[in-house]
Amino acid sequence: MPEQPAERLADHTTLRLGGPARQWVRATSEEELTEAVTSAEAGEGPVLVLGGGSNVVVADAGFPGTVVEVATTGVTPDVEDDDPACGGVLVRVAAGEDWDAFVARAVESGWLGVESLAGIPGLVGATPIQNVGAYGQEVAQTIASVRVWDRVLKGVRTFANAECHFGYRTSRFKADPGRHVVLDVTFQLRQGSLGTPVQYAELAGALGVPLGERAPLAEVRDAVLALRRSKGMVLDPADHDTWSAGSFFTNPVVDAADLPPGAPAWPQPDGRAKTSAAWLIEHAGFGKGYGAGPVTLSTKHTLALSNRGGATTEQLLALAREVRDGVEAAHGIRLVPEPVLVGCEL
Ligand SMILES: Cc1cc2nc3c(=O)[nH]c(=O)nc-3n(C[C@H](O)[C@H](O)[C@H](O)COP(=O)(O)OP(=O)(O)OC[C@H]3O[C@@H](n4cnc5c(N)ncnc54)[C@H](O)[C@@H]3O)c2cc1C
């Protein structure tokens, strides 16, 4: 297995932040992946399983153990791409596959259910961890099962969808950090030329269809990518607004009585309401581009903290604390970070 000298996390994270790792192993097969994790456990320091580095904030001091970079490949549908016979397809995707490339493949193949998740950075194996979602879809709606290496039981396990305990930006994998190494994810996707009913008003507006209606699969993907680009939410090395971890805070779920006047509210099954972290931030006095640099809020989206170049993780965390505390002082709601903090805290 190729084992390389220590590398800087900053070269492997979309924030371009994070110091050196003590050890670095790139695993290109499932065997290498489980072997790398198992032998790293026996070595010195902790183990960090890393995908695309788009949802992690790593300390300036770096990582005092082994980073296992997931680089496995394979997209295996149970039908031929052009065989619409059974109206559905089960597709097994290796953890190391690029998520956005898989969405593009799904749209080209007429597999529906992930088209609104186009443009989300990172790898397939990370998508079940926080149940990635955007524009009215989340992977929990299409994941049939997740195959993992269980680091506690030291064996391979398969969790059916219901066993993954998916929730808003969470899952059993996120709730039990570090225990499960995702090996592959099987998606159950319907086949057709129209996407799933559009559940997000802004996307419906961009497509010119009523909310709840369907639109051609490729048009949905294109519209999502255009909306995301306008918000700096598609990676672009030339655009510092995308040197981020995406949304830095999750949308809080609160008792309806605790909602600030005028705040957006999406009713939840438990009777509470989810509100917009971006709205709370803006209405606490932090506008787009806020900050003296080299870390600022994105100039296109208040919810993303961005590295303007030459920033440190400590500077990022300082701005995150300022925003979190300002929102709490203004609205009485404490924002919770969405990315995984590695070796640092807010
Ligand atoms: C510009 C931008 C836009 C974004 N937009 C969205 C969005 O719209 N919706 C959304 O939900 N997220 C969004 N994100 C966040 C991020 O892209 C997703 O969370 C993505 O799934 C992370 O994938 P990754 O491979 O980069 O994971 P990493 O950042 O490498 O890892 C994230 C966490 O998952 C763990 N992990 C990674 N791979 C595995 C594996 N195979 N097995 C076990 N654990 C693993 C890591 O240890 C870490 O704890 C955005 C990020 C950016 C930078």
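Coordinates for the structure precede this section.
Thresholds, definitions, all that
- Each chain has its residues counted from 1, following the order in which its sequence is written.
- Local features in a predicted model are, by the rule used here, given only for residues with pLDDT of at least 70; side-chain atom pairs are given and counted only at 80 or more, and totals for whole chains, interfaces and linings are based on all residues.
- Calculated side-chain values reflect all of the structure's heavy atoms, with hydrogen atoms and water omitted.
- We define proximity as follows: a residue is near a molecule or strand when any one of its heavy atoms falls within 4 Å of that partner.
- A 3.5 Å cut-off defines polar contacts: any pair of N or O atoms within that distance qualifies, except that in protein one atom must be a possible hydrogen donor and the other a possible acceptor, and neighbouring residues in sequence count only when both atoms are side-chain atoms.
- Using the Shrake-Rupley algorithm and a 1.4 Å probe, accessible areas are obtained, with residue cover drawn only from the displayed protein chains.
- For helices the rule is a DSSP run of H or I covering at least 4 residues; for strands it is a run of E covering at least 2, with both sets numbered from the N terminus onward.
- Each residue gets one of three labels, nonpolar for Ala, Val, Leu, Ile, Met, Phe, Trp, Tyr, Cys and Pro, charged for Asp, Glu, Lys and Arg, and polar for the others, Gly among them.
- Relative accessibility decides the category of a residue: with a 1.4 Å probe and only protein chains considered, values under 20% of the type maximum give buried, values over 50% give exposed, and everything between is partly exposed.
- Contacts between residues were defined by any pair of non-hydrogen atoms, one from each residue, lying within 4.5 Å.
- Stacked, edge-to-face and tilted labels apply to pairs of Phe, Tyr and Trp rings (six-membered ring for Trp) whose centres lie within 6.5 Å, assigned for plane angles under 30 degrees, over 60, and everything in between, in that order.
- For a helix, the expected span equals 1.5 Å multiplied by the residue count minus one.
- Each pair of strands is called paired provided DSSP finds at least two bridges between the two strands.
- In this description, a nonpolar core means a group of buried Ala, Val, Leu, Ile, Met, Phe, Trp, Tyr and Cys residues linked to one another through side-chain atoms lying within 4.5 Å.
- The axes used here are C-alpha line fits, helices contributing only the stretch in contact, and every angle between their N-to-C directions lies in the interval 0 to 180 degrees.
- What sets the label is the angle itself: under 35 degrees gives roughly parallel, over 145 gives roughly antiparallel, 65 to 115 gives roughly perpendicular, and the rest give oblique.
- In this scheme the crossing of two helices becomes right-handed for a clockwise turn of the near helix relative to the far one and left-handed for an anticlockwise turn of less than a right angle.

A. Examining the site of the ligand more closely. Near the ligand there are 34 residues, and of these Val49, Gly51, Gly52, Ser54 and Val182 occur at the shortest range. Leu123 is positioned such that a nitrogen or oxygen atom in its backbone is 2.9 Å from an oxygen atom of the ligand. Contact distances for the ligand include 2.7 Å between a nitrogen atom and a backbone N or O atom of Val182. When isolated, the ligand has an accessible area of 990 Å², and the protein chains bury 93% of it. Those elements giving two or more residues to the shell around the ligand turn out to be strand S3 (47–50), strand S9 (133–134) and strand S13 (180–191). Its residues assigned to classes, the shell around the ligand comprises 18 nonpolar, 13 polar and 3 charged.

B. Region of the structure containing helix H2 (residues 99–109). For H2, every residue scored as buried is listed here: Trp99, Phe102, Val103, Ala104, Ala106, Val107 and Ser109. Looking at the buried side of H2, the elements it contacts are strand S6 (75–77), strand S7 (88–94), strand S8 (111–112), S13 and helix H5 (217–230). The first or second residue beyond H2 is Gly110, which carries a positive phi of 75 degrees.

C. Expanded view of the environment of Gly178. Tracing the backbone through its elements, the reader meets Gly178 in the loop between helix H3 (172–175) and S13. Sequence-wise, Gly178 and Val49 are 129 residues apart; in three dimensions their C-alpha atoms are separated by 7.9 Å.

D. Structural view of the packing of aromatic side chains. On inspection of all chains with the given rule, the structure shows 7 aromatic pairs. Geometrically, the ring pair formed by Trp99 and Phe187 is tilted, given 5.7 Å between the ring centres and 50 degrees between the ring planes. With Trp99 in helix H2 and Phe187 in strand S13, this pair connects stretches of sequence that are 88 residues apart. Taking the relative accessible area as the measure of exposure, Trp99 reaches 0% and is therefore buried. Owing to a relative accessible area of 0%, Phe187 belongs among the buried residues under this scheme. For the pair Phe159 and Phe173, a centre-to-centre distance of 5.7 Å together with 65 degrees between the ring planes defines the contact as edge-to-face. Of this pair, Phe159 sits in strand S12 (residues 155–160) while Phe173 sits in helix H3; the two residues are 14 residues apart in sequence, bridging distant segments of the chain.

E. Layout of helix H1 (residues 30–42). Along its 13 residues, H1 runs 19 Å from first to last C-alpha, staying within 8% of the 18 Å computed at 1.5 Å per residue. Along H1, the residues classified as buried are Glu32, Leu33, Thr34, Ala36, Val37 and Ala40. Each element contacted by the buried residues of H1 is listed here: strand S2 (21–27), S3, strand S5 (63–70), strand S11 (143–150) and S13.

F. Looking closely at the side chain of Ser244. Along the polypeptide, Ser244 turns up in the loop between H5 and strand S14 (253–254). By relative accessible area, which is 5% here, Ser244 ends up buried. In this structure the side chain of Ser244 is engaged in a polar contact, spanning 2.9 Å, whose partner is the backbone nitrogen of Gly246. Look past the residues within four positions of Ser244 in its chain and what remains in contact with it is Thr14, Leu15, Ala304 and Leu305.

G. Region of interest: the sheet that holds strand S15 (residues 266–267). Strand order in the open sheet made by the 3 strands is S14-S16-S15, with antiparallel pairing throughout. Lying at the two open borders of the sheet, with one neighbouring strand each, are S14 and S15. Of the strand pairs in this sheet, S14 and strand S16 (residues 273–274) are connected by 2 bridges, and their pairing is antiparallel. Along S16, the bridge assignment pairs Val254 with Ala273.

H. Inspection of the nonpolar core at higher detail. Grouped together as the largest cluster of nonpolar side chains are 58 residues, with contacts concentrated most on Trp99, Phe102, Val146, Phe187, Leu189, Leu203 and Leu207. What Leu189 contacts, discounting residues up to four positions off in sequence, is Gly88, Val89, Val91, Phe102, Trp111, Leu112, Gly113, Val114 and Thr142. Core analysis: the second largest hydrophobic core is formed by 31 residues, Ala277, Trp279, Leu319 and Ile333 among them.

I. Examining the packing of H2 against H5 more closely. Where H2 contacts H5, the two axes come as close as 8 Å, and the packing angle between them is 150 degrees. The angle between the axes of H2 and H5 places the two elements in the roughly antiparallel class. The interaxial crossing formed by H2 with H5 has left-handed handedness. Here Val103, Ala104 and Val107 of H2 lie close against H5, whose contacting residues are Leu217, Ala218 and Arg221. Looking at side-chain class alone, the contact of H2 with H5 contains 5 nonpolar, no polar and 1 charged residues.

J. Broad picture of the pairing of S11. Burial of S11 is extensive: 7 of the 8 residues sit out of reach of the surface. As paired strands, S11 and S13 are joined by 7 bridges and run antiparallel to one another. Opposite Val146, over in S13, you have Val185 as the bridge partner. Pairing between S11 and S12: 6 bridges, direction antiparallel. In the sheet register, Trp149 faces S12, and the bridge partner there is Val156. The loop that links S11 with its antiparallel partner S12 comprises 4 residues; one of these, Lys154, has a positive phi angle of about 55 degrees.

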